[in-house]
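# What the coordinates show
Here is how the chains run, residue by residue.
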Amino acid sequence: MQLKDTKKSLDMLASAAVGGASASVFAVLLLTALAAFSLLSDDPASLSWLGAAALLLCCFTGAFIGAECTEKRPFAAGLISGAMFIVTVLIVSLIASGGLHPAFIPSTAGCALLGAFLGSIRRGSGRIPAFDDKRFEKYGKN
């Protein structure tokens, strides 16, 4: 993503911070809406899987936004923003008494990888800057 007035993209860490913050804000909003929805149902405990699905969606979205906002190492920016969200969720789960399911970390790491990869693909050219390096050219030539 290029800024309109300066034609420059964000730095890698700034882009990762934007992605991590947007994932956290999106998670708060989405989880609040889902909690209100589940309280209206007859059995709110049966809809607890919606919260886990919302957290996976938020991790994917944060990694995608983090990778999309920069031209300099977008894949790494997406991974960092996904890791920021995972650490935030881990800290909140340690404070809250609900605990954390053991399968949460690998599944969110997979969502962060997928979001960072898809966010690093540049539209139009179809190139992936994370794998667009001079050292890889020698393997493609015969």
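Located above this text is the structure these notes cover.
Residues numbered from 1 in each chain as written. Predicted model: local features only at pLDDT ≥ 70, side-chain atom pairs only at ≥ 80, totals over all residues. Heavy atoms only, no water.

### Quick word on the overall build of the chain
For the chain, the count of helices and strands is five helices and zero strands. Taken from the N to the C terminus, the helices and strands of the chain come in the order α-α-α-α-α. Here the chain holds 142 residues, and 29% of them are scored as buried. Within the chain, contacts between residues at least 6 apart in sequence are counted, and of these 72% link residues at least 24 apart. Surface accessibility of the chain: about 9000 Å² in total, with carbon and sulfur atoms responsible for 69%. (Helix = DSSP H or I, 4+ residues; strand = E, 2+ residues; numbered from the N terminus. Buried < 20%, exposed > 50% of the residue type's maximum accessible area, 1.4 Å probe, protein only. Contact = heavy atoms within 4.5 Å. Areas by Shrake-Rupley, 256 points an atom, 1.4 Å probe, with all protein chains shown as cover.)

### Focus: the side chain of Ser-93
Here Ser-93 is to be found in helix 3 (residues 74–95). Owing to a relative accessible area of 13%, Ser-93 belongs among the buried residues under this scheme. When neighbours within four sequence positions are excluded, Ser-93 is seen to be in contact with Gly-99 and Leu-100.

### Focus: helix 3
The terminal C-alpha atoms of helix 3, which comprises 22 residues, lie 32 Å apart, in line with the 32 Å expected from a rise of 1.5 Å per residue. Of all the positions in helix 3, only Pro-74, Ala-77, Gly-78, Ser-81, Gly-82, Phe-85, Ile-86, Val-89 and Ser-93 are classed as buried. On its buried face, helix 3 sits against helix 1 (12–39), helix 2 (49–68) and helix 4 (104–120). (Expected span 1.5 Å × (residues − 1).)

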